[in-house]
Amino acid sequence: MLQEESDLSLIIAQIVQKLKGSNLYSQLERQAWASLQRPEIKLESLKEDIKEFFKISGWEKKLQNAVYSELSVFPLPSHPAAPPEHLKEPLVYMRKAQGSWEKRILKSLNSMCTELSIPLARKRPVGEQKELLNKWNEMGTDEPDLSLFRPVYAPKDFLEVLINLRNPNYENGDSLSFRTHLGLIQVPLKVKDIPELKECFVELGLNIGQLGIDDSTQVPPELFENEHVRIGQKEQDSAAAQQYIRQGSPTALRAELWALILNISSQPEDVLYYEQLKTNVIQHDLLVDSLIYKDVKLTASNDDYYFVFEDYLYQVLLCFSRDTSVLSHFAFNSASPPKSYIRGKLGLEEYAVFYPPNGVIPFHGFSMYVAPLCFLYHEPSKLYQIFREMYVRFFFRLHSISSHPSGIVSLCLLFETLLQTYLPQLFYHLREIGAQPLRISFKWMVRAFSGYLATDQLLLLWDRILGYNSLEILAVLAAAVFAFRAVNLMEVTSLAAAEAVLADLSTLKVMPLLQIFLFATVT
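Residues numbered from 1 in each chain as written. Predicted model: local features only at pLDDT ≥ 70, side-chain atom pairs only at ≥ 80, totals over all residues. Heavy atoms only, no water.

K.L.:
Outline the side chain of Asn 358, supporting the account with residue identities and numerical values.
P.N.:
Structurally, the position occupied by Asn 358 is in the loop between strand S4 (352-354) and helix H16 (380-393). Among the polar contacts listed, one links the side chain of Asn 358 to the backbone oxygen of Phe 320, at a separation of 3.0 Å. Each residue touching Asn 358, except ones within four places of it in the same chain, is listed here: Phe 320, Ser 321, Asp 323, Val 326, Leu 327 and Phe 330. (Helix = DSSP H or I, 4+ residues; strand = E, 2+ residues; numbered from the N terminus. Polar contact = N/O pair within 3.5 Å; in protein donor to acceptor, adjacent residues only side chain to side chain. Contact = heavy atoms within 4.5 Å.)

Structure below.
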């Protein structure tokens, strides 16, 4: 009991400390001073009167939303004596694997740098700055020669690293339950089974209304949709909005509800911050800029849904690479930001800088995290803020090695366990013909299905990611897709044939698949 109280006090102190450095704190302070002029504020009951004023004026709700937002990203509680690296990742072998993977990425980046004789960063000449500023809103028309650049890594490279991941505390001869797992991921992590998933995703139940099912043309809107929209229009509370969105968000309200859950409100200072990042892009050219250009050209530009947003993608991703506020998420990310040293000062920490400034090296497909958001937000600074918050809450977990339940390792293990347990015939068949299911589904999960599902279905899926503050639903959907195509997959005789059966997911309806797999599967 005392330990719980101590943990709670520590969490409160940390959140208060963080909020003190926020814009909201200074706004609350100004409002408190201004309220002293009001006749209803009495000196003898000053504290209670100001609290009441905050409640009536709506500032209390803004404070509650800010606190809730901080709690949503707060690391899981750990032992008070645990060292800081345990906040990043409690398992030593996971930390070592992540460290080795980072060295490989940096080696790839440095070798490209050397081969092409291109510096990691340079100041743009004045003429080049003016040219970039003039074409800022039409960067998609630019056709730089990127033939010599290559993505630092692709999802399949990352999968090979995860396949070779092992816990050194277990010998190969140990007859442990996880040794009966016949998938590619061979680490003993606890993942949920279907009864536990049903309990977790209870709002997806067959008897509960869902957008994505109950708003179809066959269902009269007065049965569910009209009432759901009416409730959503009144929502002003982050926690309530998160609960509400578990049943899906009405299209017209989605942008507003996501911003509420992520506690994003476009204040003048946010727009100014975005403009400062833009100035940094204009002034300095980074090697990662070419990687971003290359990735957008290889992915979003060739996508039927997203090619029209090419300019937005460049703007958001180039600014993101310069944003040092992103570095704060490394406190609870198993990854560490890469460092670069001034020439001739290698190893001297006082001459070290994080590179890129946000600490995130983009990989093949990275731009697809931004692309779907362009359907919801058309104002660049708002779009940028939403993406940044989505990244530091969710997406970073899809390309770093950790034991977190929403980390990519756990998602892979959950996917394989669900298939092996509930579709054993299919799992063994695919395994026997050399078509391990994870080799097909991994790319879906790493991209959070962006670029694979139709956009309306993808946004319904991301509603649930935000609603449950978890990425586990990605693994469940991946398993549900295999279950849906099981009859066809049982007839294939090679990996190529299995990939062909699952090549096009654009016609799939997400919510019926999830409901049937979770609530109609025999357990």
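K.L.:
Let's hear about the environment of Leu 148: which residues, and what values?
P.N.:
By the secondary structure assignment, Leu 148 is in the loop between helix H7 (126-134) and helix H8 (155-163). Residue classification places Leu 148 among the exposed residues on the basis of a relative accessible area of 59%. Considered as a pair, Leu 148 and Leu 116 are 32 residues apart in the sequence and their alpha carbons are 7.6 Å apart. (Buried < 20%, exposed > 50% of the residue type's maximum accessible area, 1.4 Å probe, protein only.)

K.L.:
Let's hear about the pattern of salt bridges: which residues, and what values?
P.N.:
Counted according to the given criterion, the structure contains 16 salt bridges. Across the salt bridge formed by Arg 122 and Glu 128, the nearest N and O atoms sit 2.8 Å from each other. With a relative accessible area of 24%, Glu 128 lands in the partly exposed category. One salt bridge connects Glu 196 with Lys 190, and the closest N-O pair in it is separated by 3.3 Å. Overall, Lys 190 belongs to the exposed group, its relative accessible area being 66%. Connected via shared salt-bridge partners are Arg 122, Arg 124, Glu 128, Asp 285, Asp 289 and Arg 322. (Salt bridge = Lys/Arg side-chain N within 4 Å of Asp/Glu carboxyl O.)

K.L.:
Please provide a residue-by-residue account of helix H20 (residues 455-468), values included.
P.N.:
Counted at 1.5 Å a residue, the expected span for H20 with its 14 residues is 20 Å, and the 20 Å between its end C-alpha atoms agrees. Most of H20 is tucked away, with 13 of its 14 residues classed as buried. Downstream of H20 by one or two residues, Asn 469 has phi in the positive range, about 50°. (Expected span 1.5 Å × (residues − 1).)

K.L.:
Mind laying out the packing of helix H17 (residues 408-422) against helix H21 (residues 472-484), listing which residues take part and the relevant values?
P.N.:
It is at 9 Å that the axes of H17 and H21 come closest, and there the two elements cross at 35°. By crossing handedness, the relation of H17 to H21 is classed as right-handed. In this structure, H17 uses Leu 411, Leu 414, Phe 415, Leu 418 and Leu 419 to contact H21, whose residues at the interface are Glu 472, Leu 474, Ala 475, Val 476, Ala 478, Ala 479 and Phe 482. When its residues are assigned to classes, the contact of H17 with H21 shows 11 nonpolar, no polar and 1 charged. (Axes fitted to C-alpha atoms, helices over the stretch in contact; angles between N-to-C directions. Left-handed = near helix turned anticlockwise from the far one by under 90°. Nonpolar A, V, L, I, M, F, W, Y, C, P; charged D, E, K, R; others polar.)

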